[in-house]
Amino acid sequence: MKVHFIRYADDFIVSAPTKEIAEEIRDIIREFLVGRGLELSEEKTRITHINEGFDFLGWNIRKYKGTLLIKPSKKSIKAIMEKIKAIIQKAQAWTQDQLIKALNPVIRGWSNYHRHIVAKETFAKLDSYIWTVIWRWGKRRHRNKGHKWIARKYWHSKGNRNWVFQTTENTLLTFSEVNIRRHTFLKLDANPYTDRKYFLDRQDRLKKQTPWNQTKLSYFALRRPIIG
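Residues numbered from 1 in each chain as written. Predicted model: local features only at pLDDT ≥ 70, side-chain atom pairs only at ≥ 80, totals over all residues. Heavy atoms only, no water.

K.L.:
Help me out: how do you make sense of the overall build of the protein in this one?
P.N.:
Helix and strand counts for the protein come out as seven helices and seven strands. Its helices and strands in sequence order give the protein the pattern β-β-α-β-β-β-α-α-α-α-β-β-α-α, from N to C terminus. Each of the 228 residues in the protein was classed as buried or not, and the buried ones make up 32%. For the protein, the share of sequence-separated contacts (at least 6 apart) that also reach a separation of at least 24 residues comes to 51%. When the accessible surface of the protein is totalled, it reaches about 15800 Å², and 53% of it is carbon and sulfur. (Helix = DSSP H or I, 4+ residues; strand = E, 2+ residues; numbered from the N terminus. Buried < 20%, exposed > 50% of the residue type's maximum accessible area, 1.4 Å probe, protein only. Contact = heavy atoms within 4.5 Å. Areas by Shrake-Rupley, 256 points an atom, 1.4 Å probe, with all protein chains shown as cover.)

What follows is the structure, given as structure tokens:
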């Protein structure tokens with residue numbers, strides 16, 4: 001019987017070959033938790049077919065015509081859009097530099113988190129959304145100015161790119177600037193205690209691809225289920 005358990009902190013997935021087996025496993029887990037003074041969240045627990053998909057840690061995992069794809073979940077996309085909107089609503093009296101400094105960490109953090117999955121299309125849609133809300137920000141600030149004046153004041157050309165929201169000191173990041181990079185699968189028989197060199201070499205490769213803090217998070221997330 002092929003049953004797999006994937007855990008990250010207190011969130012976990014159990015895969016099973018049939019719905020009946022999945023229901024049986026759910027009952028076993030519920031009994032296991034009750035004996036330890038815990039309970040399974042009925043609201044967050046669901047049994048679904050992989051073709052219908054499910055959300056886990058901000059991602060939607062689903063098979064499309066037999067191909068498994070992991071994308072940012074609709075809930076995660078909605079949350080980042082609301083966060084961007086809230087920042088811009090607060091920024092009516094801010095300078096352009098202040099707005100860029102407030103938005104860049106949000107854009108960088110969200111895009112780095114989702115850079116290892118199928119997110120290119122989502123990144124493009126979010127770039128379009130952020131351009132729209134910033135354009136409205138500019139129009140509200142200068143109600144008596146025309147569109148061309150607003151565009152020349154806040155947007156400029158940079159290299160091969162046009163419509164870059166920037167000042168002499170700061171440039172607004174875009175989601176699409178982040179390159180999609182697939183995770184390298186771990187060796188299934190690797191052990192962080194006996195195969196130390198393998199994990200250190202892997203960590204060094206990740207450091208060359210991503211900022212240090214993101215590398216540390218990825219390594220910890222992959223390593224944690226192994227050492228329990």
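K.L.:
Can you help me understand the sheet that holds strand 5 (residues 67-72) in this one?
P.N.:
To summarise the sheet geometry, strands pair through backbone hydrogen bonds and adopt either a parallel or an antiparallel arrangement. Spatially, three strands are ordered 3-4-5 in an open sheet, and the strand pairing comes out antiparallel. Here the strands that pair on one side only, and so sit at the sheet edges, are strand 3 (54-56) and strand 5. On average, adjacent strands in this sheet sit at an angle of 30 degrees to one another, irrespective of strand direction. Where strand 3 and strand 4 (residues 59-64) come together, three bridges link them in antiparallel fashion. Note that in strand 4 the partner of Phe54 across the bridge is Ile61. (Pairing = 2+ DSSP bridges. Axes fitted to C-alpha atoms, helices over the stretch in contact; angles between N-to-C directions.)

K.L.:
I'm lost on the side chain of Ser111 in this one. Help?
P.N.:
Summarising the element assignment, Ser111 is placed in helix 3 (residues 96-114). Of the polar contacts made by the side chain of Ser111, one reaches the backbone oxygen of Ile107; its length is 2.7 Å. What Ser111 contacts, discounting residues up to four positions off in sequence, is Phe123, Phe175 and Val178. (Polar contact = N/O pair within 3.5 Å; in protein donor to acceptor, adjacent residues only side chain to side chain.)

K.L.:
So what exactly am I meant to see when it comes to the packing of helix 4 (residues 120-141) against helix 5 (residues 147-154) here?
P.N.:
For any two helices packed against each other, one specifies the crossing angle of their axes together with the interaxial distance. Interaxial distance between helix 4 and helix 5 falls to 10 Å at its minimum, and their mutual angle equals 115 degrees. The pairing of helix 4 with helix 5 is recorded here as roughly perpendicular in orientation. The interaxial crossing formed by helix 4 with helix 5 has right-handed handedness. Taking contact as the criterion, the partners of Trp135, Trp137, Gly138, Lys139 and Arg141 in helix 4 are, on helix 5, His147, Ile150, Ala151 and Tyr154. Taken together, the residues of the contact of helix 4 with helix 5 sort by class into five nonpolar, two polar and two charged. (Parallel < 35°, antiparallel > 145°, perpendicular 65-115°, else oblique. Left-handed = near helix turned anticlockwise from the far one by under 90°. Nonpolar A, V, L, I, M, F, W, Y, C, P; charged D, E, K, R; others polar.)

K.L.:
What is the right way to read the side chain of His114 from this model?
P.N.:
With respect to the helices and strands, His114 occurs in helix 3. On the basis of relative accessibility, which here comes to 1%, the residue His114 falls in the buried class. Polar side-chain contacts of His114 include one of 3.0 Å to the side chain of Trp59. Once you skip the residues sitting within four places of it in the chain, His114 turns out to touch Gly58, Trp59, Pro72, Ser76, Ala119 and Phe123.

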